[in-house]
Amino acid sequence: MPDLRYLWIDNNEITGLLPKWTNDIVRMEEITLSNNKMYGPIPANNVDLGIFELRLSKIDASNNRFTGTVPRFFGYLPTWKYIDLSNNMLTGSIF
């Protein structure tokens, strides 16, 4: 699924960790995961800013149970228009 650009799976009862295949989506523009029961860290394993082709502009992972630190690469993407990580248990800074 490397060509997937929009992933909207909000308002479901999805539980569990974010799948590792999400690290392989290189042309992603928007990710909406809000209002689920997802938990654990937001993966940032081996993230290279070049793999995103600087397209990611929106992430809404609000109202889940994510833990850990906010991935550092969130602060380096110049294409951001919307970030909502509210109502999780994340720590750290993105900027």
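Let us look at the structure shown here. (Residues numbered from 1 in each chain as written. Predicted model: local features only at pLDDT ≥ 70, side-chain atom pairs only at ≥ 80, totals over all residues. Heavy atoms only, no water.)

Turning our eyes to something else, we now look at the packing of aromatic side chains. Taken as a whole and judged by the stated rule, the model has 1 aromatic pair. Sitting above the plane of the Tyr82 ring, Lys58 keeps its charged end 5.5 Å from the centroid. (Phe/Tyr/Trp six-rings, centres within 6.5 Å; stacked < 30°, edge-to-face > 60°. Lys NZ or Arg CZ within 6 Å of the ring centre and 35° of its normal.)

Looking at the element boundaries, Asn64 is found in the loop between β5 (58–60) and β6 (65–69). From its side chain, Asn64 meets the backbone oxygen of Ala61 in a polar contact 3.2 Å long. Here the side chain of Asn64 touches Ser62 through a polar contact of 3.1 Å, landing on its backbone oxygen. In this structure Asn64 touches Leu33, Ser34, Asn35, Asn36, Lys37, Met38, Asn87 and Asn88, once residues within four positions along its chain are discounted. (Helix = DSSP H or I, 4+ residues; strand = E, 2+ residues; numbered from the N terminus. Polar contact = N/O pair within 3.5 Å; in protein donor to acceptor, adjacent residues only side chain to side chain. Contact = heavy atoms within 4.5 Å.)

Turning our eyes to something else, we now look at the pattern of salt bridges. The tally for this structure, following the rule as stated, stands at 3 salt bridges. Asp3 is paired through a salt bridge with Arg27; the nearest N and O atoms lie 2.3 Å apart. Linking Asp3 in the segment before β1 (6–8) with Arg27 in the loop between β2 (15–16) and β3 (30–32), this pair joins segments that are 24 residues apart in sequence. Take Asp3: its relative accessible area is 51%, and that puts it in the exposed class. Exposure remark for Arg27: the relative accessible area of 26% places this residue in the partly exposed category. Close ionic contact of Arg5 with Glu29 constitutes a salt bridge, the shortest N to O distance being 3.6 Å. (Salt bridge = Lys/Arg side-chain N within 4 Å of Asp/Glu carboxyl O. Buried < 20%, exposed > 50% of the residue type's maximum accessible area, 1.4 Å probe, protein only.)

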